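# Overview (structure and organization)
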Amino acid sequence: MTAIPLGVPRRLVEFTIDGQEARVPEGATILDACRAAGKDVPTLCQGDTLTPKNACRVCVVEVEGSRTLVPACSRKAEPGMEVHTGTERARHSRKIVLELLASSVDLSTTPRAADWIKEYEAKPDRFGPDAARLDEEPKIDNELYVRDYDKCILCYKCVDACGDQWQNTFAISVAGRGFDARIAVEHDAPLTDSACVYCGNCIEVCPTGALSFKSEFDMRAAGTWDESQQTETTTVCAYCGVGCNLTLHVQDNEIVKVTSPHDNPVTHGNLCIKGRFGYQHVQHRD
């Protein structure tokens with residue numbers, strides 16, 4: 001039996017996952033329960049600081065009595081619900097989604113994507129070399145971060161983080177329709193001519209590396225980026241008195257990027273331009 005503590009006590013909902021009893025606080029999702037029970041349900045568009053968008057559909061599970069597969073990231077647990085995470089129907093659906101995504105965009109920097117493709121025996125190559133959705137060069141128009149839309153799966157997490165869920169800058173949105181849809185600023189102008197305040201919160205939530213630090217992009221291009229050699233140290237930003245937490249990613253004694261803990265009650269993963277990009281003075285050496 002699985003119980004998930006989520007802070008303020010709430011009524012517990014009892015149901016089953018793959019035949020095992022589970023108890024979660026009212027309002028918790030099926031994905032919350034699956035993760036607490038150690039079930040490896042893949043997901044790409046789900047973010048722990050954002051409202052689920054149900055965009056990628058990799059996390060679908062089967063619920064008895066439901067006509068269709070349901071997205072575990074947004075479906076709330078209900079009393080008596082019987083959830084099955086590894087049925088042939090659910091696994092086949094995930095396989096097809098992974099094939100469609102991997103054939104149309106570059107998932108090479110998406111955490112665990114290669115493992116999932118192998119686990120579900122997905123074959124993206126069967127759609128041929130012309131399946132690429134955009135096939136365009138990365139947009140490098142500033143010194144802070146890079147936009148590589150060949151890696152974008154249109155999960156809308158960056159739009160939500162820039163919009164009413166966090167930053168309220170509304171610098172980016174979805175432009176175009178169908179195969180021409182992409183994330184863009186107004187009139188598809190350079191980022192430097194947009195309303196972007198360079199907080200980098202869009203990078204924080206991007207699941208595929210379509211948005212990345214310029215430092216990371218350059219190191220990957222040079223073949224020197226190595227996460228296995230990086231250390232992470234969480235500290236407090238010294239620029240002002242808000243108390244934002246910073247996680248410094250260090251490789252070869254150099255800070256290569258800055259993130260923020262999503263469970264921090266002050267920032268919830270969000271930072272301003274100073275906190276996320278203003279670290280160069282730390283490694284200024286004469």
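Predicted model, so just to flag it, every value in this text is computed and none were measured. (Residues numbered from 1 in each chain as written. Predicted model: local features only at pLDDT ≥ 70, side-chain atom pairs only at ≥ 80, totals over all residues. Heavy atoms only, no water.)

## Quick notes on the overall build of the protein
The helix and strand tally for the protein stands at 7 helices and 13 strands. Since a compact globule built from 286 residues should have a radius of gyration of about 19 Å, the 20 Å found for the protein is in line with a globular shape. Counting only C-alpha atoms, the protein reaches 65 × 50 × 35 Å along its principal axes. Looking at the protein as a whole, 47% of its 286 residues are labelled buried. (Helix = DSSP H or I, 4+ residues; strand = E, 2+ residues; numbered from the N terminus. Rg over C-alpha atoms; globule rule 2.2 N^0.38 Å. Buried < 20%, exposed > 50% of the residue type's maximum accessible area, 1.4 Å probe, protein only.)

## Looking at the pairing of strand S2 (residues 12–17)
Going residue by residue along S2, you find Val13, Phe15 and Ile17 tucked away on one face and Leu12, Glu14 and Thr16 left uncovered on the opposite face. Between S2 and the antiparallel strand that follows it, strand S3 (residues 20–25), lie 2 residues; aspartate 18 among them carries a positive phi value of about 50 degrees. In this structure, S2 lies alongside strand S6 (residues 82–84), joined through 2 bridges in parallel fashion. Its bridge partner lying in S6, threonine 16 is registered against glutamate 82. (Pairing = 2+ DSSP bridges.)

## Some details on the sheet that holds strand S12 (residues 245–251)
In spatial order, the strands read S11-S12-S13; together these 3 strands make up an open sheet with antiparallel pairing. In this open sheet, the two strands that pair with only one neighbour each are strand S11 (231–236) and strand S13 (254–259). When the angles between neighbouring strand axes are averaged without regard to direction, this sheet yields 30 degrees. When S11 meets S12, the two strands line up antiparallel, connected through 6 bridges. Each residue of the ladder has a partner; that of valine 236, found in S12, is asparagine 245. (Axes fitted to C-alpha atoms, helices over the stretch in contact; angles between N-to-C directions.)

## Digging into the side chain of threonine 247
Residue position: threonine 247 is located in strand S12. A polar contact of 3.1 Å, which involves the side chain of threonine 247, links it to the side chain of threonine 234. Apart from the residues within four sequence positions on either side, threonine 247 is in contact with Glu232, Thr233, Thr234, Lys257, Val258, Thr259, Ser260 and Pro261. (Polar contact = N/O pair within 3.5 Å; in protein donor to acceptor, adjacent residues only side chain to side chain. Contact = heavy atoms within 4.5 Å.)

## Notes on the domain arrangement of the protein
When the domains of the protein are assigned, the result is domain 1 (9–131) and domain 2 (145–283). The gap between the C-alpha centroids of domain 1 and domain 2 is 25 Å. Each side of the interface is counted separately: domain 1 has 18 residues, and domain 2 has 19 residues. The contact between domain 1 and domain 2 buries some 1,500 Å² in all, and 57% of this surface belongs to carbon and sulfur atoms. (Domains from an automatic or database assignment. Buried area = accessible area lost by both parts, 1.4 Å probe.)

## Some details on the packing of aromatic side chains
The final tally for this structure, using the stated rule, is 3 aromatic pairs. Seen from their ring centres, phenylalanine 213 and phenylalanine 277 are 5.1 Å apart, and the 50 degrees between their planes marks the pair as tilted. One end of the pair, phenylalanine 213, is in strand S10 (residues 211–213); the other, phenylalanine 277, is in helix H7 (residues 273–277), with 64 residues separating them in the sequence. Judged by relative accessible area, phenylalanine 213 falls into the buried class, the value being 3%. Owing to a relative accessible area of 5%, phenylalanine 277 belongs among the buried residues under this scheme. Here the aromatic residues Tyr145, Tyr198, Phe213 and Phe277 are joined through ring pairs into a cluster of three or more. (Phe/Tyr/Trp six-rings, centres within 6.5 Å; stacked < 30°, edge-to-face > 60°.)

## Things to note about helix H2 (residues 88–104)
Its 17 residues place the ends of H2 24 Å apart at the C-alpha level, agreeing with the 24 Å of an ideal helix rising 1.5 Å per residue. Buried within H2 we find Ala90, Arg94, Val97, Leu98, Glu99, Leu101, Ser103 and Ser104. Residues of H2 that are buried in the fold lie against strand S4 (60–63) and helix H3 (113–119). (Expected span 1.5 Å × (residues − 1).)

## Let's talk about the pattern of salt bridges
Side chains that differ in sign of charge can pair as their charged atoms come close. Within this structure, the stated rule accounts for 15 salt bridges. Among the salt bridges present, the one from aspartate 141 reaches arginine 147, with a minimum N-O distance of 2.8 Å. Note that glutamate 216 is salt-bridged to arginine 220, the shortest N-O span being 3.0 Å. Here glutamate 216 and its partner arginine 220 are both found in helix H6 (residues 214–222), 4 residues apart, which amounts to about one turn of the helix. Glutamate 216 sits in the buried class, given a relative accessible area of 9%. Within the structure, one salt-bridge network assembled from shared partners comprises Glu216, Arg220, Glu227 and Lys257. (Salt bridge = Lys/Arg side-chain N within 4 Å of Asp/Glu carboxyl O.)

## Some thoughts on the nonpolar core
In terms of nonpolar packing, the biggest core is built from 32 residues, with Tyr145, Cys158, Ile183, Ile203, Leu211 and Val258 touching the most fellow members. Looking at this core, the elements with two or more residues in it are helix H4 (157–162), strand S9 (182–185), helix H5 (201–205), S10, S12 and S13. Contacts of isoleucine 203, omitting those with residues within four sequence positions, involve Tyr145, Leu211, Ser212, Phe213 and Phe277. (Core = buried A, V, L, I, M, F, W, Y, C linked by side-chain atoms within 4.5 Å.)

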